[in-house]
Amino acid sequence: MQLYNKLSAKERAALIDEAGEDRLTLSFYQYAKIGNPHLFRNHLFIAWDELAVLGRIYVAHEGINAQLSVPAQNFEAFKNFLDGIYFLENVRLNIAIEQDAKSFLKLKVKVRDKIVADGLNDETFDVTNKGIHVDAATFNELIESDDVVLVDMRNHYESEIGHFKNAVTPDVDTFRDSLDLIEEDLRDHKEDKKLVMYCTGGIRCEKASAYYKHKGFKQVYQLEGGIIEYARQVEQLKLENKFKGKNFVFDHRRGERISEDIISNCHQCGKPCDTHVNCENEACHLLFIQCEECAEAMNHTCSDECKEIIALPYEVQKELRKGIPNSNKIFKKGRSEKLKFQRKA
Ligand SMILES: [Zn+2]
Ligand SMILES: [Zn+2]
């Protein structure tokens, strides 16, 4: 009896070839009941550390959400390790299109309450009653019909640099906010419209689709594997690409180009640009879009104030930061009154 299906040697070789680099950037998630997340966390850390796996991994009672960089030569051992865990056997691995050997530089495995900070109270609805998963080809067909509302389930700074044509892109800071906004907008169409949703890798839609069904939407669809898997299928099956721009990703690459279109602007000079950066001033760290010219002129900072601060000796900067909480990291992604050309609400 075969206990688990392995990828064929050829499939594996193809994955490794695709990488082109020495390391593969990939992500996966799985909802599963984990009795002791701390024990599981340690198990992962010991095994992956040995394989020189890097990345950011969240483990909770409800499952695992992992974004990783795996040495190509250890990919087979890594895959075998996953297949040896019953709820991760043959889990879909979202392999990045653009590879960067430095996508992650540390291995961080953290135990959290939830694997996505979605602000939802899971006790109040049936999280297993999900939407219908569709592949890229079906998705392409679906989003052309008149009775469809296509919704981007990501945050404003993510959809700003890339999204599907005709998608509703809520201008919100949190996932929780977007859920309410969309429900409000569509309250009269819960039965006659098809609600089609997508996100980066599919994980956010898993809960969102169940939430909307709970809220009375009758026809709910979700893009299987998100934009990452969509882009892979489009390339592999030579489908029409309906995604414009870049897919924002949560590693050092920040974004993965899906089409040549540049749909956003430099937040400082307004010219077409879709490169996200963090303000060089450690006390600020604002995430915003900055072109190369502005980066040079502003010394990689978001404002004149920050430019002045980073010109100070490091010890003085540290002194200035004392006791001041760094709120930009959490609350102000892509938003600051100092940025002249930021996306308007
Ligand atoms: Zn600029
Ligand atoms: Zn700044």
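Residues numbered from 1 in each chain as written. Chains lettered and ligands numbered in written order. Predicted model: local features only at pLDDT ≥ 70, side-chain atom pairs only at ≥ 80, totals over all residues. Heavy atoms only, no water.

Looking at an unreviewed UniProt entry, one finds the protein chain named tRNA uridine(34) hydroxylase and attributed to Leeuwenhoekiella aestuarii. On record in UniProt, under Sequence similarities (unreviewed entry), the comment for the protein chain is "Belongs to the TrhO family." The heading Catalytic activity (unreviewed entry) in the UniProt record of the protein chain holds the text "uridine(34) in tRNA + AH2 + O2 = 5-hydroxyuridine(34) in tRNA + A + H2O". (UniProt positions renumbered as here; feature names shortened; annotations may be inferred.)

**Student:** Outline the coordination of the zinc ion (ligand 1), listing residues and values.
**Tutor:** Coordination sphere of the zinc ion (ligand 1), protein contribution only: C266 (SG), C269 (SG), C291 (SG) and C294 (SG), at 2.3 Å. Around the zinc ion (ligand 1), the 4 donor atoms are arranged such that angles at the metal cover 103 to 115°; this shape is classified as tetrahedral. When the donor residues of the zinc ion (ligand 1) are listed from N- to C-terminus, their spacing reads C-x2-C-x21-C-x2-C. Of the two residues, C266 is situated in the loop between β12 (255–257) and β13 (276–278) and C291 in the loop between β14 (287–289) and α9 (292–297); the sequence distance between them amounts to 25 residues. One exposure class covers both C266 and C291, and it is buried. (Donors = N, O, S within 2.8 Å, 3.2 Å for Na, K, Ca; no water. Tetrahedral: all angles 85-135°; square planar, octahedral: opposite > 155°, others 65-115°. Helix = DSSP H or I, 4+ residues; strand = E, 2+ residues; numbered from the N terminus. Buried < 20%, exposed > 50% of the residue type's maximum accessible area, 1.4 Å probe, protein only.)

**Student:** Explain the sheet that holds strand β8 (residues 162–164) to me, using residue names and the numbers behind them.
**Tutor:** Reading across the sheet, the 3 strands line up as β8-β11-β12 and stay open at both edges, with antiparallel pairing between neighbours. Of all strands in the sheet, those bounded by a partner on one side alone are β8 and β12. Put simply, the sheet's adjacent strands are angled 40° from each other on average, direction ignored. Bridge count for β8 against strand β11 (residues 243–248) is 3 bridges, and the pairing is antiparallel. When the sheet's bridge partners are listed, H163 is paired in β11 with K244. Along the sheet face, helix α8 (residues 226–237) touches β8 and β11 and points at about 130° away from the line of β11. (Pairing = 2+ DSSP bridges. Axes fitted to C-alpha atoms, helices over the stretch in contact; angles between N-to-C directions. Contact = heavy atoms within 4.5 Å.)

**Student:** Break down the coordination of the zinc ion (ligand 2) for me, citing the residues and quoting the values.
**Tutor:** Surrounding the zinc ion (ligand 2) are the protein donor atoms C279 (SG), C284 (SG), C302 (SG) and C306 (SG), at 2.3 to 2.4 Å. The coordination sphere of the zinc ion (ligand 2) comprises 4 donor atoms, whose angles at the metal cover 106 to 117°; the geometry is tetrahedral. Here the donor residues for the zinc ion (ligand 2) map to a single chain with the spacing C-x4-C-x17-C-x3-C. Of this pair, C279 sits in the loop between β13 and β14 while C302 sits in the loop between α9 and α10 (304–311), placing them 23 residues apart in sequence. An identical accessibility class is assigned to C279 and C302; each is buried.

**Student:** Lay out the nonpolar core with the relevant residues and their values.
**Tutor:** Grouped together as the largest cluster of nonpolar side chains are 29 residues, with contacts concentrated most on F28, W48, I64 and F78. Elements that contribute at least two residues to this core include exactly β1 (23–31), α2 (37–50), β2 (54–60), β3 (63–71), α3 (75–83) and β5 (107–111). (Core = buried A, V, L, I, M, F, W, Y, C linked by side-chain atoms within 4.5 Å.)

**Student:** I'd like a rundown of unusual backbone geometry, residues and numbers included.
**Tutor:** Its identity as a non-glycine residue notwithstanding, K238 has a phi of 55°, on the positive side. Relative to the helices and strands, K238 resides in the loop between α8 and β11. The backbone phi angle of R254 is positive, close to 70°, even though this residue is not glycine. Looking at the secondary structure, you find R254 in the loop between β11 and β12.

**Student:** Which residues make up helix α7 (residues 203–214), and what are the values?
**Tutor:** For α7, spanning 12 residues, the distance from its first C-alpha to its last is 18 Å, which sits close to the expected 16 Å at 1.5 Å a residue. Counting buried positions along α7 gives 10 out of 12 residues, so the element sits mostly inside the fold. Those residues of α7 that fall on the buried side of the exposure criterion are I203, R204, C205, E206, K207, A208, S209, A210, Y211 and Y212. A positive backbone phi angle near 105° is found at G216, which sits one or two residues after α7. (Expected span 1.5 Å × (residues − 1).)

**Student:** Account for the packing of aromatic side chains, naming residues and giving values.
**Tutor:** Taken as a whole and assessed by the stated rule, the structure comprises 16 aromatic pairs. Pairing F75 with F78 gives two aromatic rings, centres 6.5 Å apart and planes at 40°, and the pair type is tilted. Residue F75 and its partner F78 are both found in helix α3; the two are separated by 3 residues, about one turn of the helix. Residue F75 shares its accessibility class with F78, and that shared class is buried. A centroid spacing of 5.9 Å and a plane angle of 70° characterise the contact between Y211 and Y212, whose relative ring orientation is edge-to-face. Each of the two residues, Y211 as well as Y212, counts as buried. Grouping aromatic residues by their ring pairs yields a cluster made of F28, W48, F75, F78 and F81. (Phe/Tyr/Trp six-rings, centres within 6.5 Å; stacked < 30°, edge-to-face > 60°.)

**Student:** Would you mind going over the pattern of salt bridges in detail, with residue names and values included?
**Tutor:** Per the stated rule, a full pass over the model turns up 21 salt bridges. Here D147 makes a salt bridge to K194, at a shortest N to O gap of 3.3 Å. Placement of the pair is D147 in the loop between α4 (136–142) and β7 (148–152) and K194 in strand β9 (residues 194–198), with a sequence separation of 47 residues. Relative accessible area serves as the criterion here: at 28%, D147 is assigned to the partly exposed category. (Salt bridge = Lys/Arg side-chain N within 4 Å of Asp/Glu carboxyl O.)

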